[in-house]
Each structure stands twice: as C-alpha cells, then as structure tokens.
Amino acid sequence: MNYLWTNGCFDILHVGHIKLFNYIKMLAKSVDLKVVIGLDSDYRVQQMKGYGRPINCFKDRAEMIREIFNDDVQIQEFQDDTALKTLLRTFQPKIMVVGSDWKGKKVIGAEFAHEVAYFERDEHSTTKTVQKIMISPTNPFGGQSVPQYNPGWSCPNCGRGYSPHTTMCAYC
C-alpha cells in the first residue's frame, strides 16, 4: 500500500489544521494514497511545548482527527524522534507533507519518503491561541501569568502534576 504521511501535535484544532487536513485529503485522493498521521504522544507534546500542554489528551486529539477524516485515516502515536523515524521507515510514505516553515531545514525521517511536499502555513498557531487565552483579562488571574507549577501538586488518579487553579489533572 502507498501512503501519504504528516505528523504533529494537533492539540487545539484551528483553521490552519483544517486547511492542512483538507489539502492532505485532496492530495491523497488524487494519487490514491492512504493517509497516515503521526500524532505526538502527550509526553512528547509536554516536552516540546511545556507544562500545561497538551490541552487535549492523545485519545481526544486522535478522535477529532478520525472524525475530520471520516475514519479514513490511520493514526500512529510516537514518543520521540527515534520512534518517529521507525514509523517512517516502516511506512515508507510516497509523500510526506510538512509545513512550509520546514523549508531549508532537516525534516526528521524525510529520507524514508519518496517525496516531501510543503504545505503553506498561515498565521494560525495553537501556542499563540493558548498564549492569547492566558493573557486575556477575563482569565481567572486577571490577565496575569498563571501560577508556576509546583511539582508537589499531583493528581490522586494518575500521579501527574497539575496547577493549583484546576480541580483535577488535565489528563484524567
């Protein structure tokens, strides 16, 4: 089987994600490829984006993507660069779609794809959305920064740390 691959966090979905997914669906259909999306694990998102991320857990992010693709997609979770390369070596995608911000940079696992296609990114960003929410004067902290994480606060269900402004862990 031939595959079209893309990967990312896809945490809080926005217009840029929807445009990317529509592009992928159109491209995959035009050349008869099965879509595979590599989805960063919760651990990897937290490592890359920082405390409080992801906003949506892996299970929910995967379900949203499945809904957008009408279940005509394969989701693959990965924890680190090595696991991502292993998946790409396994799938050997015919086309790997990455954001235009990767032009001129080393794309992890690109050597396993027959072709790398660049999708023109726009100004949308989950990180910018989260930042906008946090500095909003309507947030519970009056537009001030959220209190810093204290490793002493841990969820009674899973043991993960969480911020004092929540009543429960974001993962449970």
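What counts and what doesn't
- Residues numbered from 1 in each chain as written.
- Predicted model: local features only at pLDDT ≥ 70, side-chain atom pairs only at ≥ 80, totals over all residues.
- Heavy atoms only, no water.
- Helix = DSSP H or I, 4+ residues; strand = E, 2+ residues; numbered from the N terminus.
- Buried < 20%, exposed > 50% of the residue type's maximum accessible area, 1.4 Å probe, protein only.
- Contact = heavy atoms within 4.5 Å.
- Areas by Shrake-Rupley, 256 points an atom, 1.4 Å probe, with all protein chains shown as cover.
- Phe/Tyr/Trp six-rings, centres within 6.5 Å; stacked < 30°, edge-to-face > 60°.
- Pairing = 2+ DSSP bridges.
- Salt bridge = Lys/Arg side-chain N within 4 Å of Asp/Glu carboxyl O.
- Axes fitted to C-alpha atoms, helices over the stretch in contact; angles between N-to-C directions.
- Core = buried A, V, L, I, M, F, W, Y, C linked by side-chain atoms within 4.5 Å.

(A) Molecular detail of the overall build of the protein. A tally of helices and strands in the protein yields five helices and five strands. Along the chain direction, N to C, the helices and strands of the protein fall in the order β-α-β-α-α-β-α-β-β-α. Counting over 172 residues, the protein shows a buried share of 38%. Contacts in the protein between residues far apart in sequence, at least 24 positions, make up 55% of those at least 6 positions apart. Carbon and sulfur atoms provide 52% of the accessible area of the protein, an area that totals close to 10,000 Å².

(B) Examining the packing of aromatic side chains more closely. This structure, assessed with the given rule, holds five aromatic pairs. Here Phe21 and Phe69 contribute two aromatic rings whose centre-to-centre distance is 5.4 Å and whose plane-to-plane angle is 65°, an arrangement assigned as edge-to-face. Of the two residues, Phe21 sits in helix H1 (residues 15-30) while Phe69 sits in the loop between helix H3 (58-68) and strand S3 (74-78), which places them 48 residues apart along the sequence. For Phe21, a relative accessible area of 0% translates into the label buried. Its relative accessible area of 3% is what places Phe69 among the buried residues.

(C) Spatial organisation of the pairing of strand S1 (residues 3-8). Among the six residues in S1, five count as buried, and that is most of the element. Here six bridges tie S1 to strand S2 (residues 34-40), and the two strands are oriented parallel to one another. Bridge pairing in S2 links Leu4 to Val35. Sheet topology note: the S1/strand S4 (residues 95-99) ladder contains two bridges and is parallel. Bridged to Trp5 within S4 is Met96.

(D) Local environment of the pattern of salt bridges. A full pass over the atoms with the stated rule returns six salt bridges. In this structure, Glu63 engages Arg66 in a salt bridge whose closest nitrogen and oxygen atoms are separated by 4.0 Å. Of this pair, Glu63 and Arg66 are both found in helix H3, three residues apart, which corresponds to roughly one turn of the helix. Each of the salt bridges in this network shares a partner with another, and the network as a whole consists of Asp40, Arg44 and Asp81.

(E) The sheet that holds S4, seen in detail. Across the sheet, which stays open at both edges, the five strands sit in the order S3-S2-S1-S4-S5 with parallel pairing between neighbours. Across the chains shown, the open sheet's two edge strands, defined by having one partner strand only, are S3 and strand S5 (115-119). Ignoring which end each strand starts from, the neighbouring axes of this sheet average 25° apart. The sheet contacts of helix H2 (residues 42-49) involve S2 and S3, and relative to S2 the element is tilted by about 60°.

(F) Molecular detail of the nonpolar core. Among the nonpolar cores identified, the biggest contains 21 residues, and Leu4, Ile37, Ile65, Phe69, Ile75 and Val97 are the most heavily contacted of them. Beyond its immediate stretch of four places on either side in the chain, Leu4 contacts Ile24, Leu27, Ala28, Leu33, Lys34, Val35, Val36, Ile95 and Val97. In terms of nonpolar packing, the next biggest core, distinct from the first, is built from 13 residues, Val36, Phe78, Leu87 and Met96 among them.

(G) Seen up close, the environment of Lys49. When you line up the elements, Lys49 lands in helix H2. In this structure Lys49 comes out as partly exposed when scored by relative accessible area, which is 40%. Residues Lys49 and Cys9 lie 40 residues apart in sequence; the distance between their C-alpha atoms is 9.5 Å.

(H) Structural detail: unusual backbone geometry. A cis amide bond links Arg53 to the next residue, Pro54, at an omega of 0°. Despite not being glycine, Asp32 has its phi angle at roughly 55°, a positive value. Within the secondary structure, Asp32 sits in the loop between H1 and S2.

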